[in-house]
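Observations on the model geometry
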Amino acid sequence: MKCYECVQSGRSSEAVAVCRLCGAAICAEHVRTEKIQIRETANPGKVIHDQPARQLTCPVCRTAEESR
Ligand SMILES: [Zn+2]
Ligand SMILES: [Zn+2]
């Protein structure tokens, strides 16, 4: 799969990740990695884990998240 961001700018790079928000394929150059804290409190019976999870997003979704 090719990086969606690169294709938009007329290039083609092999994608290494998939944005978890929009599902776009993204290359190593465009991927944004973020540590997030996941707390599953809405589902009783499910194990509550406080381990930081990794969130991979594309630059577009990252910017959208930051501007919220
Ligand atoms: Zn790219
Ligand atoms: Zn995205």
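Just so it is clear, the structure is predicted and the values come from calculations on it, not from any experiment. (Residues numbered from 1 in each chain as written. Chains lettered and ligands numbered in written order. Predicted model: local features only at pLDDT ≥ 70, side-chain atom pairs only at ≥ 80, totals over all residues.)

1. Observations concerning the overall build of the protein chain
- A tally of helices and strands in the protein chain yields two helices and four strands.
- Looking at the 68 residues of the protein chain, the share that counts as buried comes to 18%. (Helix = DSSP H or I, 4+ residues; strand = E, 2+ residues; numbered from the N terminus. Buried ≥ 20, exposed ≤ 12 C-beta atoms within 10 Å, placed from the backbone.)

2. A few points about the environment of R20
- Relative to the elements of secondary structure, R20 occurs in the loop between β1 (17-18) and β2 (25-26).
- By the C-beta count within 10 Å, which is 14 here, R20 ends up partly exposed.
- Residue contacts for R20: discarding those within four places in its chain leaves Q55, L56 and T57. (Contact = placed C-beta atoms within 7 Å.)

3. Some remarks on the nonpolar core
- One finds C3, A15, C19, A24, A25, I26, C27, V31 and C58 forming the largest nonpolar core, which totals nine residues.
- The residues touching C19, leaving out its near neighbours within four places in the chain, are A24, I26, L56, T57, C58 and C61. (Core = buried A, V, L, I, M, F, W, Y, C linked by C-beta atoms within 7 Å.)

4. A look at the environment of I36
- Inspection of the secondary structure assignment puts I36 in strand β3 (residues 32-37).
- In this structure, the C-alpha to C-alpha distance between I36 and Q51, residues 15 residues apart in sequence, is 8.6 Å.
- Setting aside chain neighbours within four positions, we find I36 in contact with P52, A53 and Q55.

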